[in-house]
Amino acid sequence: MDVYEAIEKRRTFRSLEEIIITEELIKDLANSAILAPSCFNNQPEKFIFIKDKEMLKNIFSALSKGNEWAQFASMIIVVYSKKELDCDLKGREYYLFDIGLSVGFLLLRATELGIVAHPIAGFDENKVKEILNIEEEMKVITLIIIGKKFSKIKDILTEKQKLQEDNRPERKKFEEFAKII
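Here the structure is a predicted model, which is why all the values come from computation and not from measurement.

Conventions and cut-offs
Residues numbered from 1 in each chain as written. Predicted model: local features only at pLDDT ≥ 70, side-chain atom pairs only at ≥ 80, totals over all residues. Heavy atoms only, no water. Helix = DSSP H or I, 4+ residues; strand = E, 2+ residues; numbered from the N terminus. Buried < 20%, exposed > 50% of the residue type's maximum accessible area, 1.4 Å probe, protein only. Contact = heavy atoms within 4.5 Å. Patch = residues over 30% accessible without salt bridge, like charges linked within 9 Å, V, L, I, M, F, W, Y side chains within 5 Å. Areas by Shrake-Rupley, 256 points an atom, 1.4 Å probe, with all protein chains shown as cover. Salt bridge = Lys/Arg side-chain N within 4 Å of Asp/Glu carboxyl O. Expected span 1.5 Å × (residues − 1). Arc of directions from axis to C-beta. Polar contact = N/O pair within 3.5 Å; in protein donor to acceptor, adjacent residues only side chain to side chain. Core = buried A, V, L, I, M, F, W, Y, C linked by side-chain atoms within 4.5 Å. Axes fitted to C-alpha atoms, helices over the stretch in contact; angles between N-to-C directions. Parallel < 35°, antiparallel > 145°, perpendicular 65-115°, else oblique. Left-handed = near helix turned anticlockwise from the far one by under 90°. Nonpolar A, V, L, I, M, F, W, Y, C, P; charged D, E, K, R; others polar.

Peer 1: Please clarify how the environment of phenylalanine 13 should be interpreted in this entry.
Peer 2: Mapped onto the elements, phenylalanine 13 comes out in the loop between helix H1 (3-9) and strand E1 (16-17). Judged by its relative accessible area of 11%, phenylalanine 13 falls in the buried class. Sequence-wise, phenylalanine 13 and phenylalanine 150 are 137 residues apart; in three dimensions their C-alpha atoms are separated by 8.8 Å. Setting aside anything within four residues of it in sequence, one finds phenylalanine 13 in contact with Trp69, Val116, His118, Lys149 and Glu165.

Written out as structure tokens, the structure is:
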């Protein structure tokens, strides 16, 4: 699969089934993420790969309403950092941008491997930090839900989520987000 094909195929499915999580898979995804560019190569991203069933249950308790589907995850990746780990040039804090690139690389690699990697923002940050003993000054940026697309749509999904399983949500037209000068 080439990069453009991975970009086209990448989807944030919610009907998941379990996959086997190996140390090799974790290192593959982590290596893809760390190869992303970052300001002065600071690599501000921090990842925790959670595959232990009991720890996953603890993390599920930190998810917001609407993310109940994530209970079928085989793994959750917690992505966190702080601005002091990256460039701050004239008030531009690059760490969020650089981490976004890193997560994007990971998502594309997961897609290439036939894995669903679905980043979410709906979680209680303080609870996640408490469960994982993440330092207070750190910012939990996203949780990435990992699994395999299930062949059927699960009942736990909302009606809107069910519709999005079959059809990619509409994307903006070029003129809505870009212009040529």
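Next, the rest of the story.
Peer 1: Can you walk me through unusual backbone geometry in this structure?
Peer 2: Among all residues save glycine, negative phi is the norm, and among peptide bonds the norm is trans. A positive phi angle is found at glutamine 43, which is not glycine, with a value near 50°. Relative to the assigned elements, glutamine 43 resides in the loop between helix H2 (23-34) and strand E2 (46-50). Residue classification places glutamine 43 among the partly exposed residues on the basis of a relative accessible area of 30%. A positive phi is found at asparagine 133, a non-glycine position, where the angle reads about 55°. With respect to the element layout, asparagine 133 can be found in the loop between helix H5 (125-132) and strand E7 (139-149).

Peer 1: When you look at a nonpolar patch on the surface in this model, what are you seeing that I'm missing?
Peer 2: A contiguous nonpolar surface patch, about 330 Å² in accessible area, is contributed by Val3, Tyr4 and Ile7. Here valine 3 is to be found in helix H1.

Peer 1: It is not clear to me how H2 should be interpreted in this structure. Could you clarify?
Peer 2: Side chains of residues three or four places apart in an α-helix project in the same direction, reflecting 3.6 residues per turn. With twelve residues, H2 ought to run about 16 Å at 1.5 Å a step, and its terminal C-alpha atoms sit 16 Å apart, in line with that. Those residues of H2 that fall on the buried side of the exposure criterion are Leu25, Ile26, Leu29, Ser32 and Ala33. Looking straight down H2, one finds its buried side chains confined to an arc of 130°; they lie on one side. Facing away from the buried side of H2 by more than 90 degrees, the exposed set consists of Glu23, Glu24 and Lys27. Looking at the packing, one finds that the buried side of H2 touches E2, strand E3 (75-81) and helix H4 (95-112).

Peer 1: Sorry, what's going on with the side chain of threonine 142 here?
Peer 2: The residue threonine 142 is located in strand E7 in this model. Overall, threonine 142 belongs to the buried group, its relative accessible area being 9%. At 2.8 Å, the side chain of threonine 142 forms a polar contact with the backbone oxygen of isoleucine 120. Every residue in contact with threonine 142, bar those within four places of it in the chain, is listed here: Ile77, Val78, Val79, Val103, Pro119, Ile120 and Phe123.

Peer 1: What should I look at first to understand the nonpolar core in this one?
Peer 2: Soluble globular proteins: nonpolar side chains tend toward being buried together. Of all hydrophobic cores here, the largest spans 25 residues; its most connected members are Ile76, Val78, Val128, Val140, Leu143 and Ile145. Core analysis: the second largest hydrophobic core is formed by 19 residues, Leu29, Ile77, Val79 and Ile144 among them.

Peer 1: Help me understand the packing of H2 against H4, please; the structure alone is not making it clear to me.
Peer 2: Two quantities define a packed helix pair, namely the angle between the axes and the distance from one axis to the other. Orientation of H2 relative to H4, taken along the N-to-C sense of each, is 140°, at an axis distance of 7 Å. When the axes of H2 and H4 are compared, the pair comes out oblique. For the pair H2 and H4, the crossing hand works out as right-handed. Facing H2, whose interface residues are Asp28, Leu29, Ser32, Ala33 and Ile34, H4 presents Ser102, Phe105, Leu106, Arg109 and Ala110. Taken together, the residues of the contact of H2 with H4 break down into six nonpolar, two polar and two charged.

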